[in-house]
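Per-entry structural report
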Amino acid sequence: MAVSSLPPVQIGVESADCCIIGSSPVVQRIAQLVQQIGPTDAPVLISGASGTGKGLVARTVHLSSRRRERPLVTVRCAGVEESLLENELFGREAAAPTGTPHNRCGPIELAEGGTLFLDQVSDIPLGVQARLLRVLEDGCYRPAGSTREVRADVRMLAATNRPLEREVGAGRFREGLYYRLNVMTIELPLLQEHPEDIPELVEHFLRTRPVGSTPHRIQPDVLEALVRYDWPGNVRELAKVLERAQMLASDHLITLDALPQGILQVMAAPASKSASPRHLREVERRHVLEVLQGEKWNKLRAANALGISRRALYRLIEKYGLENNTLGGCLEPQKDRRLKDHCPSEGAATVRNRTGEVKPGNRRCAL
Ligand SMILES: Nc1ncnc2c1ncn2[C@@H]1O[C@H](COP(=O)(O)OP(=O)(O)OP(=O)(O)O)[C@@H](O)[C@H]1O
Ligand SMILES: [Mg+2]
């Protein structure tokens with residue numbers, strides 16, 4: 001059977017770059033979830049805004065599963081016409097004019113024994129969703145032009161940057177498929193929700209994505225600007241800014257001149273103004289913590305007192321990394337402390353590579 005790589009389909013595991021970086025409670029919780037969920041065969045729904053690391057998490061889940069030696073096949077579902085997506089996803093079995101079967105492998109078949117990653121799953125048309133649901137429920141599908149059912153041994157991962165519940169409500173996403181995909185969910189935070197990870201991410205990107213052969217250093221006021229900026233493009237934007245800054249740096253030292261105007265404006269703004277969104281989050285965090293403590297960590301009572309569902313409360317607990325020994329404090333000093341304490345040469349920890357081999361000396365990798 002001929003194997004072809006088709007336009008919206010990306011095949012293979014990108015080997016580099018599979019470290020989830022960050023010591024904040026919310027990123028640690030994600031890393032822990034990946035470790036727990038990875039080895040299972042359950043579908044996983046990964047949600048988060050653009051650039052928050054959905055693709056990275058999908059690769060990491062695959063690499064921590066028993067399927068890691070088999071392919072990870074990514075299908076980018078956004079903007080692909082229904083018939084094209086259907087044809088490509090499920091493959092085609094057709095008779096050539098000579099009568100010789102001329103088959104085309106779809107990604108489901110290419111991912112046999114491995115993982116199928118449906119990126120931007122909310123863009124999949126309803127008809128294709130029904131067929132995918134069958135793969136999840138019965139483990140089989142019928143390629144175009146075929147009379148036989150094909151069994152599929154794939155684990156499904158899906159990513160979305162739109163809340164799927166809302167898509168279900170609007171009739172654009174099948175409820176059945178939503179519930180099948182939503183067995184395990186990983187919600188990725190905006191970078192502005194864990195600014196304390198920025199120094200670690202900066203160091204990671206300068207080390208793993210260097211421009212030129214001499215490593216770049218960074219001035220403390222640059223790091224401060226990066227921590228204070230709000231990052232609408234999330235971690236991807238940070239990586240791009242650092243790539244550009246390395247190109248513009250003189251003598252391999254990144255100074256404020258190498259940053260885009262938008263980030264420099266943050267430094268010019270009064271601290272209280274730029275800090276206000278975080279201040280709001282801090283108010284929310286403290287309030288949730290106080291209610292939880294007031295209710296002696298009884299989640300049902302705390303959720304009732306806050307006027308939200310228990311699920312929403314669990315999300316807030318996860319978002320702010322709250323535990324019943326959490327002290328009421330402010331996020332800002334913690335962020336500042338991280339900025340001050342951050343030293344690339346200190347705190348060397350172990351890092352495990354793709355094959356599970358442990359290498360000393362790198363900062364840290366959760367997996
Ligand atoms: N916690 C993290 N640690 C290290 N690198 C990260 C982290 N989060 C994201 N990245 C890096 O940021 C970039 C963007 O991540 P990724 O492509 O996975 O985002 P995404 O959520 O899939 O975005 P989109 O919705 O636009 O597809 C990648 O280079 C990824 O490796
Ligand atoms: Mg992506």
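Going by the structure above, here's the rest.
The present account deals with the structure reproduced in this document. (Residues numbered from 1 in each chain as written. Chains lettered and ligands numbered in written order. Predicted model: local features only at pLDDT ≥ 70, side-chain atom pairs only at ≥ 80, totals over all residues.)

Turning our eyes to something else, we now look at the overall build of the protein chain. A tally of regular secondary structure across the protein chain gives 15 helices and 14 strands. Here the protein chain, with 367 residues, has 33% of them falling under the buried criterion. (Helix = DSSP H or I, 4+ residues; strand = E, 2+ residues; numbered from the N terminus. Buried ≥ 20, exposed ≤ 12 C-beta atoms within 10 Å, placed from the backbone.)

This brings us to unusual backbone geometry. Notably, Trp 231 is not glycine yet its phi reads approximately 55 degrees, a positive angle. As for its position among the elements, Trp 231 is in the loop between α9 (220-228) and α10 (234-248). Judged by the 21 C-beta atoms lying within 10 Å of it, Trp 231 is buried. In this model, His 252 sits at a positive phi of 60 degrees, which is unusual for a non-glycine residue. Structurally, the position occupied by His 252 is in the loop between α10 and β12 (253-254).

Neighbouring ligand 1 are 19 residues, the closest being Ile 21, Gly 53, Lys 54, Gly 55 and Val 235. Looking at the shell around ligand 1, the elements with two or more residues in it are α2 (54-63) and α10. Considering only residue class, the shell around ligand 1 consists of seven nonpolar, nine polar and three charged. Three or more residues apiece are contributed to the shell around ligand 1 by two domains, here domain 1 (9-189) and domain 2 (192-269 + 340-359). (Near = placed C-beta within 6 Å. Nonpolar A, V, L, I, M, F, W, Y, C, P; charged D, E, K, R; others polar. Domains from an automatic or database assignment.)

What follows covers the environment of Arg 315. Within the element layout of this structure, Arg 315 appears in helix α14 (residues 310-319). A tally of 13 C-beta atoms within 10 Å means that Arg 315 is categorised as partly exposed. In sequence terms Arg 315 and Glu 187 are 128 residues apart; their C-alpha atoms lie 8.9 Å from each other.

What follows deals with the pairing of strand β6 (residues 115-119). In terms of burial, β6 is a largely internal element, five of the five residues being buried. The two faces of β6 match: Thr 115, Phe 117 and Asp 119 on one face and Leu 116 and Leu 118 on the other face are all buried. Strand direction decides the pairing type here: β6 and strand β9 (residues 155-160), joined by four bridges, are parallel. Within β9, the residue paired with Leu 118 across the bridge is Ala 158. (Pairing = 2+ DSSP bridges.)

Below, the discussion takes up the packing of helix α8 (residues 198-208) against α9. The relative placement of two packed helices is expressed as an angle between their axes plus a distance between the axes. Close contact between α8 and α9 brings their axes to 9 Å; oriented N to C, the two are set at 120 degrees. Overall, the two elements α8 and α9 adopt an arrangement that is oblique. Where α8 crosses over α9, the handedness of that crossing is right-handed. Across from Ile 198, Pro 199 and Val 202 in α8, the residues of α9 making contact are Leu 223, Leu 226 and Val 227. Its residues assigned to classes, the contact of α8 with α9 shows six nonpolar, no polar and no charged. (Axes fitted to C-alpha atoms, helices over the stretch in contact; angles between N-to-C directions. Parallel < 35°, antiparallel > 145°, perpendicular 65-115°, else oblique. Left-handed = near helix turned anticlockwise from the far one by under 90°. Contact = placed C-beta atoms within 7 Å.)

From the geometry alone we can't say anything about function, so treat these as descriptive.
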